[in-house]
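Here's the letter readout for the chains.
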Amino acid sequence: MAQQTSVVTPERFAQGMTYDEYMASVKVNKARIEEYYDNVSLESGQTDALRELSGAEGGPARMMVIGEDWCGDVVRELPVLARVAEAAGLELRIFPRDENHDIMNEFLKEGKYMSIPVAVFYDEGHEYICHWIERSEAASREQGEIEAAIRSEDPDISDQDFGRQRRARTAARAGDWQKATVDELVGMLREHAH
């Protein structure tokens, strides 16, 4: 949960990278992130809801994302978050987690895990609205099911083969998980916007 006094002041927020600046800095998975970005499309109802929320008094005006290009969840979800920011007309700033532990420490999953990506929403006056961490509930549930299935099919699978199979099977679910992310974000913003 965000602290009462955040290190993310308006001045610090402005120091974050735009999506284009972040993409220029990406060292790994750039092609995968670009492919997801090119293929992500929000449904008209999602876009309408985001525009309505951002246009309302106390609605979101800014989104801060914490991430790293080596993280599979960031690779899949950052393009979605960028498309959400575009659809809603939000000012987007991205901070690499490993260079910004002070920011990350405000948004730990369950108060202890440095899970990424994190998307934090602020209103026009830079008042905290809400934040979202890592992946949709559907993605978390289904990823666990996929991992259990791989282990049950081959209990002696090597870590490398396990990773390969998990990547292949989760990639097949990416589109549905990205849609679920947008739906979760819309629901959170409806619940928490001032």
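Use the structure listed above.
In what follows, the accompanying structure is described. (Residues numbered from 1 in each chain as written. Predicted model: local features only at pLDDT ≥ 70, side-chain atom pairs only at ≥ 80, totals over all residues. Heavy atoms only, no water.)

## Quick notes on the pairing of strand β4 (residues 128-133)
β4 sits mainly inside the fold: five of its six residues count as buried. Where strand β3 (residues 118-122) lies against β4, five bridges are found, and the strand directions are antiparallel. When the sheet's bridge partners are listed, Tyr122 is paired in β4 with Tyr128. From the end of β3 to the start of β4, which pair antiparallel, there are five residues, and His126 there has a positive phi angle of about 65°. (Buried < 20%, exposed > 50% of the residue type's maximum accessible area, 1.4 Å probe, protein only. Helix = DSSP H or I, 4+ residues; strand = E, 2+ residues; numbered from the N terminus. Pairing = 2+ DSSP bridges.)

## As for the packing of aromatic side chains
For the structure on display, the rule yields three aromatic pairs. Ring geometry for Phe13 and Tyr122: centres 6.1 Å apart, planes at 75°, overall edge-to-face. Here the residue Phe13 occupies a position in helix α1 (residues 10-14), and Tyr122 occupies one in strand β3, the gap between them amounting to 109 residues. For the pair formed by Phe13 and Tyr122, the shared burial category is buried. For the cation-ring pair, Arg83 lies above Tyr37, with the distance from its terminal atom to the ring centre recorded as 3.6 Å. Arg151 extends its terminal NZ or CZ atom over the ring of Phe162, reaching a point 3.8 Å from the ring centre. (Phe/Tyr/Trp six-rings, centres within 6.5 Å; stacked < 30°, edge-to-face > 60°. Lys NZ or Arg CZ within 6 Å of the ring centre and 35° of its normal.)

## Section: the packing of helix α7 (residues 137-153) against helix α9 (residues 174-192)
It is at 8 Å that the axes of α7 and α9 come closest, and there the two elements cross at 145°. The residues of α9 that touch α7, namely those facing Glu137, Ala138, Ala139, Glu142, Gln143 and Ile146, are Trp177, Ala180 and Glu184. Considering only residue class, the contact of α7 with α9 consists of five nonpolar, one polar and three charged. (Axes fitted to C-alpha atoms, helices over the stretch in contact; angles between N-to-C directions. Contact = heavy atoms within 4.5 Å. Nonpolar A, V, L, I, M, F, W, Y, C, P; charged D, E, K, R; others polar.)

## Structural notes on the sheet that holds strand β2 (residues 91-96)
Across the sheet, four strands lie side by side as β2-β1-β3-β4; this open sheet has mixed pairing. Where the open sheet ends on each side, the last strands, each with one partner, are β2 and β4. On average, each strand axis in the sheet is tilted by 15° relative to the strand beside it, whichever way the strands run. The strands touched by helix α5 (residues 72-88) within the sheet are β1 (62-67), β2, β3 and β4, with β1 carrying the most contacts at an inclination of about 170°. Along the sheet face, α9 touches β3 and β4 and points at about 155° away from the line of β4.

## Here's the deal with the packing of α5 against α9
Packing of α5 against α9 brings their axes to within 10 Å, and their N-to-C directions diverge by 45°. Comparing their axes, α9 and α5 come out oblique. Both α5 and α9 take part in a crossing whose hand is right-handed. Listed contacts from α9 to Arg76, Glu77, Val80, Leu81 and Val84 of α5 are Ala174, Trp177, Gln178, Thr181, Val182 and Leu185. (Parallel < 35°, antiparallel > 145°, perpendicular 65-115°, else oblique. Left-handed = near helix turned anticlockwise from the far one by under 90°.)

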